[in-house]
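Take a look at the letters that make up each chain.
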Amino acid sequence: MISTNDEPLHVLDLPQIYTKPSGTDLIKALALLALKPRTFGTTADVVKGPAVQPAGLTRYLTSIIASPLLWLDTEELREAVWDAAAARLSERSGRAAMPAMSRIFSVPTSSGEDYTLTLHEPSITADNLGMKTWVSSYLLSRRLHGLLESPPELVPSGPTEPSAKSDTNKQLRALELGSGTGLVGLAFAALQGKSAAVHLTDLPDIVPNLAHNVALNVELLTTTEATVTTDVLDWSVTPTPLPSALERFDVILAADPLYSPKHPKWLVDTIGVWLSRGLDARVVMEMPLRDAYLPQRQELRRRMAELGLAPIQEGEETGYDDWESAGGEALAVKCWWSIWGWSEKI
Ligand SMILES: C[S@@+](CC[C@H](N)C(=O)[O-])C[C@H]1O[C@@H](n2cnc3c(N)ncnc32)[C@H](O)[C@@H]1O
């Protein structure tokens, strides 16, 4: 076990390959050795693990890269461990660019015990924003257990369209739009367990890494009996034929989905196509309050109202970006979270 006090660790305190440690323990240990980035957090403090004495570290990392890791469940998990070990080695070789990395996220549960998710983030490029995990998805993933515990006033379905949720034999159907690395959708799936089927979606370039991240978390998803699928869903394309009532979703999740003038229309149109007309249908969103995108947020509110959706609960909270400013401080990011339902039904 790795202690979390400030005493520098010896390399022998880390999980040793000959003990066949779990993938999660290895990735946690390798995350501890990362030189950058800082972790997301809700305080401005740089969150750092205990220092690790450098003696023997290169040999430790090489022992992981050289091991076939045959006791780990999936090839994806093995590759994530090898990638993380290789990244730690390359950081120590003074490589300027940050390599692809696997990162650990803790998701609070209602029992008080956190779930751990491992997400692979390939090197990011300007047109592949979904390769990185963004601060509003971190904040939303941490409030999901609260949403589930005290759901907004859920009312029984009306006669027009039965919702899956009101039928106890059916799983709740949830859709995430613009999942990126999948933090929100995977957290929701693990928290819901067998009571929900969660569909994670994004653009074609992003979905392979998203599917990879589902496979990376097979241990947690199996333990929690979660059902997760992934596919391409492009908001700019209207599906033909339109989905039937049974194909629509009870919950739609979206984190950080607005950063182009076209996004408010595309996003709201997509919600209109895919959201169930049931009384308890919900849209759950969180996004940074970036000044440059104020017009897009205003347009989003207007379009949601025109569609017939109204906010049931909303609020603001501050997170800290994982990349520090030039001065080395954490960058505070104010975010807006909101839960929406059909206005004539709430
Ligand atoms: C800023 S990233 C947020 C990713 C993730 N939700 C998070 O918060 O970490 C925006 C995401 O929206 C996706 N996206 C952008 N335009 C899209 C479109 N037209 N259809 C589907 N997804 C889109 C991007 O690929 C990217 O994954």
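Scroll up to find the structure.
What you are looking at is a predicted structure, and each value in this text was computed from that prediction instead of being measured. Sequence order sets the numbering: in each chain, residues are counted from 1 along the sequence as written. Restriction of local features to residues with pLDDT of at least 70 applies here, the model being predicted, together with a cutoff of 80 or more for giving and counting side-chain atom pairs; totals for whole chains, interfaces and linings are based on all residues. Values reported for side chains reflect all heavy atoms of the structure, with hydrogen atoms and water molecules removed beforehand.

**So, the packing of aromatic side chains**
Turning to step 1, where the next piece is worked out: Any pair of Phe, Tyr and Trp rings, taking the six-membered ring for Trp, is counted once the centres come within 6.5 Å. Such a pair is stacked with planes under 30 degrees apart, edge-to-face with planes over 60 apart, and tilted for the rest. Counted by the stated rule, this structure contains two aromatic pairs.
Turning to step 2, where the next piece is worked out: Geometrically, the ring pair formed by Phe 249 and Trp 274 is tilted, given 5.9 Å between the ring centres and 55 degrees between the ring planes. In this pair, Phe 249 sits in the loop between β5 (227–232) and β6 (251–255) while Trp 274 sits in helix α8 (residues 263–274), placing the two residues 25 residues apart along the sequence. This pair shows no difference in class: Phe 249 is buried, exactly as Trp 274 is.
Turning to step 3, where the next piece is worked out: Residues Trp 336 and Trp 340 carry aromatic rings whose centres are separated by 6.4 Å and whose planes lie at 75 degrees to one another, so their mutual orientation is edge-to-face. As far as burial versus exposure is concerned, Trp 336 and Trp 340 are alike and both buried.
Turning to step 4, where the next piece is worked out: In this structure, Lys 132 packs its charged tip against the face of Trp 134, placed 4.6 Å from the ring centre.
Turning to step 5, where the next piece is worked out: Sitting over a ring, as applied to charges here, requires NZ of Lys or CZ of Arg to be within 6 Å of the ring centre and within 35 degrees of the ring normal. When the ring centre of Phe 249 is taken as reference, the NZ or CZ atom of Arg 173 above it lies at 4.3 Å. Think of it this way: any DSSP run of H or I at least four residues long counts as a helix, any run of E at least two long counts as a strand, and we number them from the N terminus. Only protein chains enter the accessibility calculation, which uses a 1.4 Å probe; a residue is then buried when its area is under 20% of its type maximum, exposed when over 50%, and partly exposed in between.

**Notes on the packing of helix α3 (residues 75–91) against helix α6 (residues 207–216)**
Turning to step 1, where the next piece is worked out: With axes taken as lines fitted to C-alpha atoms, and helix axes fitted only over the stretch in contact, angles between N-to-C directions fall between 0 and 180 degrees. Remark: α3 packs on α6, axes separated minimally by 8 Å, with the N-to-C direction vectors making an angle of 100 degrees. Comparing the axis directions of α3 and α6 gives the class roughly perpendicular. Here Glu 76, Leu 77, Glu 79 and Ala 80 of α3 lie close against α6, whose contacting residues are His 212, Ala 215 and Leu 216.
Turning to step 2, where the next piece is worked out: Each residue is assigned to one of three groups, with Ala, Val, Leu, Ile, Met, Phe, Trp, Tyr, Cys and Pro labelled nonpolar, Asp, Glu, Lys and Arg labelled charged, and all others, Gly among them, labelled polar. Per-class residue counts for the contact of α3 with α6 are four nonpolar, one polar and two charged. Here is the rule for angles: anything less than 35 degrees is roughly parallel, anything more than 145 is roughly antiparallel, 65 through 115 is roughly perpendicular, and the remaining ranges are oblique. In this description, contact between two residues means that some pair of their heavy atoms is separated by no more than 4.5 Å.

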